[in-house]
Amino acid sequence: GENVEQHPSTLSVQEGDSAVIKCTYSDSASNYFPWYKQELGKRPQLIIDIRSNVGEKKDQRIAVTLNKTAKHFSLHITETQPEDSAVYFCAASYEAAGNKLTFGGGTRVLVKP
Amino acid sequence: EAQVTQNPRYLITVTGKKLTVTCSQNMNHEYMSWYRQDPGLGLRQIYYSMNVEVTDKGDVPEGYKVSRKEKRNFPLILESPSPNQTSLYFCATWGAGRRSGYTFGSGTRLTVV
């Protein structure tokens, strides 16, 4: 089955700096790669996703890149703000197979004012 | 309002005492799934259901049961809970053909003593 590795496990950045989280996946059939943000005590919420037919997607201060050949994808957060502090999860799935998501281990991001 | 409702939010129980965590959705989603979240391990899938009366094991099904007798409900049953099932549990749904990712319930924090 699919295996997703996520790095780093913790990330501390100064407010205004950029943050980058990297994930690798094992199953070349995977074609859907979402990112979830989980604030303390809350449920994970989808913040951005990318499908295998594109290499990059942006939404305001966040962007995701995908390298299908290398089987890795990354989340980029620019101009970080204190409210970006949370745990971020990457995930991968093969959408036609009922969208079973396999998650990475999570990255705890702390943005210091 | 689209919702995935889990109950209870918090539960402390003793080893061996059967319990059920309920999950109900009002979005008419076909796909429902249970995940457990443990520090450093991310979210791991326990069971999933593609539709009514169709269920299958995820990555960590041991010690759990599920049922899907109607579309909106997907209860998680622990017949004989053990301390290693102490975890944070999330129910998630996804609508086939919808490109909006998983919707998670609010979570159930279970402690087995």
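For the structure, check the block above.
A.B. asks: Even after reading the chapter, I still don't get the state of the cysteines, so can you show me in this structure?
C.D. replies: The term disulfide refers to a covalent linkage connecting the sulfur atoms of a pair of cysteines. Scanning the entire structure with this criterion turns up 2 disulfides over all chains. Here A:Cys23 pairs with A:Cys90 through a disulfide, and the sulfurs are 1.9 Å apart. Handedness here is read from the sign of the S-S torsion; for A:Cys23 and A:Cys90, about -100°, the answer is left-handed. In this pair, A:Cys23 is assigned in strand E3 (residues 19-25) and A:Cys90 in strand E9 (residues 86-92), connecting sequence segments 67 residues apart. The class of A:Cys90 is buried, set by a relative accessible area of 0%. A sulfur-sulfur distance of 1.9 Å marks the disulfide that ties B:Cys23 to B:Cys91. Judged by the sign of its S-S torsion, about -70°, the bond between B:Cys23 and B:Cys91 is left-handed. In this pair, B:Cys23 sits in strand E3 (residues 19-25) while B:Cys91 sits in strand E9 (residues 87-94), placing the two residues 68 residues apart along the sequence. Across the pair, B:Cys91 and B:Cys23 agree in class, each one buried.

A.B. asks: So what exactly am I meant to see when it comes to the sheet that holds strand E7 (residues 62-67) of chain A here?
C.D. replies: Consider a sheet: its strands pair through backbone hydrogen bonds, and that pairing is either parallel or antiparallel. All names here are of chain A. Spatially, E1-E3-E8-E7-E6 is the arrangement adopted by the 5 strands of the open sheet, whose pairing is antiparallel. Taken across any chain shown, the strands that pair with only one partner, and hence form the sheet edges, are strand E1 (4-7) and strand E6 (56-59). Along the sheet, successive strands turn relative to each other by an average axial angle of 15°, direction set aside. As defined by bridge partners, E1 adjoins E3 across 4 bridges and the pair is classed as antiparallel.

Cut-offs applied
- Residues numbered from 1 in each chain as written.
- Chains lettered and ligands numbered in written order.
- Predicted model: local features only at pLDDT ≥ 70, side-chain atom pairs only at ≥ 80, totals over all residues.
- Heavy atoms only, no water.
- Disulfide = S-S within 2.5 Å.
- Helix = DSSP H or I, 4+ residues; strand = E, 2+ residues; numbered from the N terminus.
- Buried < 20%, exposed > 50% of the residue type's maximum accessible area, 1.4 Å probe, protein only.
- Pairing = 2+ DSSP bridges.
- Axes fitted to C-alpha atoms, helices over the stretch in contact; angles between N-to-C directions.

Without other data, these values stay purely geometric and don't point to any function.
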